[in-house]
Amino acid sequence: MNLIFLGAPGAGKGTASKKLSEIIGIPHISTGDIFRANISGGTELGRLAEQYISKGHLVPDDVTIGMVKARLSEPDCSKGFILDGFPRTLNQAEALDSFLTETGRKIDRVIDIVLSESTLVDRLAYRRVCIGCKLSYNLKSHNITDNLCPVCGSSLMMRDDDKPEVIAARLVAYHKDTEPLIDYYVRTRKLVRVNSEEKIADTFANILAALEIKGMKQ
Ligand code: ADP
Ligand code: ZN
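What counts as what
Residues numbered from 1 in each chain as written. Chains lettered and ligands numbered in written order. Predicted model: local features only at pLDDT ≥ 70, side-chain atom pairs only at ≥ 80, totals over all residues. Heavy atoms only, no water. Pairing = 2+ DSSP bridges. Helix = DSSP H or I, 4+ residues; strand = E, 2+ residues; numbered from the N terminus. Axes fitted to C-alpha atoms, helices over the stretch in contact; angles between N-to-C directions. Donors = N, O, S within 2.8 Å, 3.2 Å for Na, K, Ca; no water. Core = buried A, V, L, I, M, F, W, Y, C linked by side-chain atoms within 4.5 Å. Buried < 20%, exposed > 50% of the residue type's maximum accessible area, 1.4 Å probe, protein only. Contact = heavy atoms within 4.5 Å. Near = heavy atom within 4 Å. Polar contact = N/O pair within 3.5 Å; in protein donor to acceptor, adjacent residues only side chain to side chain. Areas by Shrake-Rupley, 256 points an atom, 1.4 Å probe, with all protein chains shown as cover. Nonpolar A, V, L, I, M, F, W, Y, C, P; charged D, E, K, R; others polar. Salt bridge = Lys/Arg side-chain N within 4 Å of Asp/Glu carboxyl O.

Participant: So what about the sheet that holds strand β3 (residues 81–84)? Which residues, and what values?
Facilitator: Across the sheet, which stays open at both edges, the five strands sit in the order β2-β3-β1-β4-β8 with parallel pairing between neighbours. With one partner strand each, in any of the chains shown, β2 (28–30) and β8 (191–195) form the two edges of the open sheet. Strand-to-strand, the axes of this sheet are offset by a mean angle of 20°, without reference to chain direction. Here β2 runs beside β3; their pairing, made up of three bridges, is parallel.

Participant: I'd like to hear about the coordination of the zinc ion (ligand 2), residue by residue, with values.
Facilitator: A four-donor tetrahedral metal ideally has 109.5 degree angles, and a six-donor octahedral metal ideally has angles of 90 or 180 degrees. Distances from the zinc ion (ligand 2) to its protein donors, namely C130 (SG), C133 (SG), C149 (SG) and C152 (SG), fall within the range 2.3 Å. As a motif over one chain, the donors of the zinc ion (ligand 2) read C-x2-C-x15-C-x2-C. With C130 in strand β5 (residues 127–130) and C152 in the loop between β6 (136–138) and β7 (156–157), this residue pair connects regions lying 22 residues apart in the sequence.

Participant: Help me get a handle on the nonpolar core, residues and values and all.
Facilitator: The biggest cluster of nonpolar side chains holds 44 residues, and the ones touching the most others in it are L72, L83, L96 and Y185. In terms of residue count, the dominant contributor to this core is helix α5 (residues 90–102) (five residues). Contact partners of L72, with chain neighbours within four places excluded, come to I29, C77, F81, L83, L96, F99, L100 and R105. Counting residues in each nonpolar core, the second largest holds six residues, with L139, I144, C149 and L156 among its members.

Participant: Summarise the site of ligand 1; cite the residues concerned and give the values.
Facilitator: Taken together, 20 residues surround ligand 1, and among them K13, T31, R36, H57 and G85 come closest. A distance of 2.7 Å is found between a nitrogen atom of ligand 1 and a side-chain nitrogen or oxygen belonging to T31. Contact distances for ligand 1 include 2.9 Å between an oxygen atom and a side-chain N or O atom of R170. When the free accessible area of ligand 1 is taken as 540 Å², the share hidden by the protein chains comes to 97%. The biggest single contributor to the shell around ligand 1 is helix α2 (residues 31–41), with four residues. Residue composition of the shell around ligand 1, grouped by class: six nonpolar, seven polar and seven charged.

Participant: Now, about the pattern of salt bridges: what can you tell me, with residues and values included?
Facilitator: Opposite charge on two side chains permits pairing when their charged atoms draw close. Under the definition given, this model contains 13 salt bridges. Close ionic contact of D33 with K18 constitutes a salt bridge, the shortest N to O distance being 3.8 Å. Of this pair, D33 sits in helix α2 while K18 sits in helix α1 (residues 13–24); the two residues are 15 residues apart in sequence, bridging distant segments of the chain. What makes D33 partly exposed here is its relative accessible area of 29%. Of the charged contacts in the structure, one is a salt bridge between R71 and D76, with a shortest N-O distance of 2.7 Å. For D76, a relative accessible area of 29% gives the class partly exposed.

Structure representation (structure tokens):
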């Protein structure tokens, strides 16, 4: 199964797509995670990406598309993949479609995680990432008061791009560049919408249900 997770920053794409990847045993590919790993590793790609990410802007298409094509060419993707945070522009979506056609594949489903702007902003403000195991938490919903990871005990940090001024720029980029992709995938009848206003567990149950129902129709 080849899947895409769409949705605004803070919608919960990362949490849901990682969990799905564990359950169905196909690789989770997050462009944001790959960029962040390159930034911590001090690579050339990391240095370039950081200039955009720190301002809440998108990394240029040619860089991002090349990086994803390379990842999708690795052998573990032959059994399927879950893309989290890619495509984010129409140009990326078209490049992905051509690349998949060239390699005899196609996208099966696109899951759009939907929630209100006020909930998004709230979620991003309370999001913390573990510096040890890299899991993401919401301080409010996980009831964390000591700023320590409930799984490994390491400290939790705020992502630099979750600061309020950067959040605003990310939402602008989302509305301008990424929202048009919803229509793109509606036209190809691949889009499944899942409400994420509720608890994480409910969102995940909705995703599983949506995939199963739509899968049975085909
Ligand atoms: P979120 O979905 O919460 O915004 P991500 O981890 O997916 O976070 O992305 C973090 C940042 O990495 C984005 O704000 C953007 O700067 C960059 N980025 C990630 N994916 C892409 C992409 N497909 N195209 C361009 N830039 C990207
Ligand atoms: Zn941890």
